[in-house]
Amino acid sequence: MLNARAAATQVITQILRSQGSLSSLLPSISPQVAENDRPLLQELCFGTCRYFPQLQAYTECLLDKPLRAKDCDVQALLLIGLYQLLHTRIPDHAAIGETVEITRSIKKPWATKLVNGVLRQFQRDSDKINEFLTENRAFQSNHPAWLEGMLRKSWPTQIESIAAANNQHPPFSLRLNLHKQLRDAYLQQLADLDIAAKPTPFSPYGITLEQACDPRKLPGFAEGNISVQDEAAQLSADLLQLSPNMRVLDACAAPGGKTGHLLELEPSLKVTALDVEVRRLQRVRENLTRLNVDADIRCGDGTKPQDWWDGEPFDRILLDAPCSATGIIRRHPDIKVLRTPEEIARLSDLQGQLLDSLWPLLKPGGILLYATCSVMPRENTLVVEAFLKRQPSARHESIVADWGIPQTCGRQLLPQSEGHDGFYYARLRKPD
């Protein structure tokens, strides 16, 4: 079996080289690690990414000269070693000793002395380094400099709370199928099992557990009574103003959480669940099967409806568009390593293309709900404003709600400590 630290080094090395993400790399390497060591593997990988900007700042202070690009594995070891010293209960001698030991497997004899020296120097000089980094915004916010700057420009009065929420572990929220399971009754059921939980303040379908757990062990999961879903994502179904027998397109459906919610509320809906990746559609099938609901699942590109659309227009379209995911950094902390400002520009172009391509598929009088898990106006309000200029017949409908921040178009939720993720919604209606 593979040592947990050695496996973590492989994962972080590939992320540093932009050769994968936590969600793509961990599932393949976890089976190679002993089952009782897998929590440590997860902790090292997620934690190192969560604190990457700070850990990277430390290494830059501690190294005499930057490591070469081909030495990403040594950089990964330094980051993992520093993470253990700073954020785990692992004794310092064990964190250093075990991390140094992994250097012997990467076939770079010089790395053993370097890693040992850097980690021990950090033990000695951490107070001095922290003082030196006092004015470093990226270090203090624990966000890459470009991202900290973009967030500060977009949300100058909320930057501290956004950064704080992004740096925390995410809350663990569930969505209940209220046709099968009433919320108060389920909360009592959990209380009887000594599982602490509370209702979500904005979604009538949600509860948040005090501690994350394996959802498969929760009552009602196998029967489809509950699903894991953040509160912000639970708001989409009601915003669509559904009626029985409507024809609905979930345009970027994977992994199927919102698709399932639509069908829980209105089982008579004729839902087309579309996604561009065949692999991700398997998750949609699995989720819908567990919920005992059915949709027309299709693989296709939302910007090319001619390849998959049957020509019959939809009453409702949910476009949960590909985005920077800057509203869910705490769930995907490798965003701090992988995302670039250039990607946000590219994504905003794609979002506009999706709106332009899907709008003709909407019936007169129909609603298109545009959504992202981004907090960047360039992907949200500005995308919708530009679309409305290109489509003067489209009408923006204000969302009246007790959640989020109203924008010129749509409504923005920012990530909340112990609360919902960052999310954006805009509702557009096609005139009769």
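Residues numbered from 1 in each chain as written. Predicted model: local features only at pLDDT ≥ 70, side-chain atom pairs only at ≥ 80, totals over all residues. Heavy atoms only, no water.

### Considering the sheet that holds strand β1 (residues 172-176)
Here comes step 1: Here four strands make up an open sheet; going across it, the order is β2-β3-β1-β4 and the pairing antiparallel. Strands with a single pairing partner mark the edges of an open sheet, and in this sheet they are β2 (197-199) and β4 (226-228). Between one strand axis and the next, the sheet turns through 30 degrees on average, direction left out of account.
Here comes step 2: Direction of pairing for β1 relative to β4: antiparallel, over a ladder of three bridges. From the neighbouring strand, arginine 175 faces β4, where its bridge partner is serine 227.
Here comes step 3: On the sheet, helix α11 (residues 183-192) packs against β1, β2, β3 (206-209) and β4 and is oriented at approximately 20 degrees with respect to β3.
Here comes step 4: This element, helix α14 (residues 257-265), spans β1 and β4 of the sheet and lies at about 30 degrees to β1. (Pairing = 2+ DSSP bridges. Helix = DSSP H or I, 4+ residues; strand = E, 2+ residues; numbered from the N terminus. Axes fitted to C-alpha atoms, helices over the stretch in contact; angles between N-to-C directions. Contact = heavy atoms within 4.5 Å.)

### A word on the packing of aromatic side chains
Here comes step 1: Following the criterion strictly, the structure yields seven aromatic pairs and no others.
Here comes step 2: An aromatic cluster of at least three residues, connected via ring pairs, comprises Tyr58, Phe122 and Phe139.
Here comes step 3: A cation sits over an aromatic face here: arginine 247 above phenylalanine 314, 4.4 Å from the ring centre.
Here comes step 4: Arginine 411 extends its terminal NZ or CZ atom over the ring of tryptophan 403, reaching a point 6.0 Å from the ring centre. (Phe/Tyr/Trp six-rings, centres within 6.5 Å; stacked < 30°, edge-to-face > 60°. Lys NZ or Arg CZ within 6 Å of the ring centre and 35° of its normal.)

### Details of the environment of lysine 108
Here comes step 1: Within the secondary structure, lysine 108 is located in the loop between α6 (92-103) and α7 (109-132).
Here comes step 2: Once you skip the residues sitting within four places of it in the chain, lysine 108 turns out to touch Lys70, Asp71, Asp73 and Val74.
Here comes step 3: Among the polar contacts listed, one links the side chain of lysine 108 to the side chain of aspartate 73, at a separation of 2.9 Å. (Polar contact = N/O pair within 3.5 Å; in protein donor to acceptor, adjacent residues only side chain to side chain.)

### Things to note about the side chain of threonine 59
Here comes step 1: Locating threonine 59 in the fold gives a position in helix α4 (residues 52-62).
Here comes step 2: At 2.7 Å, the side chain of threonine 59 and the backbone oxygen of glutamine 56 are in polar contact.

### A few points about the packing of α6 against α7
Here comes step 1: Contact geometry for α6 and α7: axes closest at 8 Å, N-to-C directions at 160 degrees. Here α6 is positioned roughly antiparallel relative to α7, judged by the angle of their axes. Between α6 and α7 lies a crossing whose hand is right-handed. Across from Asp92, Ile96, Thr99, Val100 and Thr103 in α6, the residues of α7 making contact are Ala111, Thr112, Val115, Asn116, Leu119, Arg120 and Gln123.
Here comes step 2: For the contact of α6 with α7, the class distribution of residues is five nonpolar, five polar and two charged. (Parallel < 35°, antiparallel > 145°, perpendicular 65-115°, else oblique. Left-handed = near helix turned anticlockwise from the far one by under 90°. Nonpolar A, V, L, I, M, F, W, Y, C, P; charged D, E, K, R; others polar.)

### Some thoughts on unusual backbone geometry
Here comes step 1: For the bond from alanine 254 to proline 255, the omega torsion is 5 degrees, close enough to zero to count as cis.
Here comes step 2: The residue proline 255 is located in the loop between β5 (247-250) and α14 in this model.
Here comes step 3: For asparagine 292, which is not a glycine, the phi torsion comes out positive at approximately 60 degrees.
Here comes step 4: With respect to the helices and strands, asparagine 292 occurs in the loop between α15 (278-291) and β7 (296-299).
Here comes step 5: With phi around 60 degrees, alanine 325 is a residue other than glycine that occupies positive phi space.
Here comes step 6: Secondary-structure assignment places alanine 325 in the loop between β8 (314-320) and α16 (335-338).
Here comes step 7: Classification of alanine 325 as buried rests on a relative accessible area of 10%. (Buried < 20%, exposed > 50% of the residue type's maximum accessible area, 1.4 Å probe, protein only.)

### Looking at the nonpolar core
Here comes step 1: Val11, Leu16, Leu41 and Tyr58 are the most contacted members of the largest nonpolar core, which totals 48 residues.
Here comes step 2: Broken down by secondary-structure element, the contributors of at least two residues to this core are α1 (4-16), α2 (22-29), α3 (38-50), α4, α5 (72-87), α6 and α7.
Here comes step 3: Per-element accounting of this core gives the leading share, ten residues, to α5.
Here comes step 4: Within the second largest apolar cluster, 46 residues are counted, among which are Leu240, Ala325, Cys373 and Tyr425. (Core = buried A, V, L, I, M, F, W, Y, C linked by side-chain atoms within 4.5 Å.)

### Some words on the pattern of salt bridges
Here comes step 1: Applying the stated criterion to the full structure yields 23 salt bridges.
Here comes step 2: When the shortest N-O distance is used, the salt bridge between glutamate 312 and arginine 247 registers 4.0 Å. Of this pair, glutamate 312 sits in the loop between β7 and β8 while arginine 247 sits in strand β5, and the two are 65 residues apart along the sequence.
Here comes step 3: The class of glutamate 312 is partly exposed, set by a relative accessible area of 41%.
Here comes step 4: In this structure, lysine 363 and aspartate 315 form a salt bridge, with 3.2 Å as the shortest nitrogen-oxygen distance. (Salt bridge = Lys/Arg side-chain N within 4 Å of Asp/Glu carboxyl O.)

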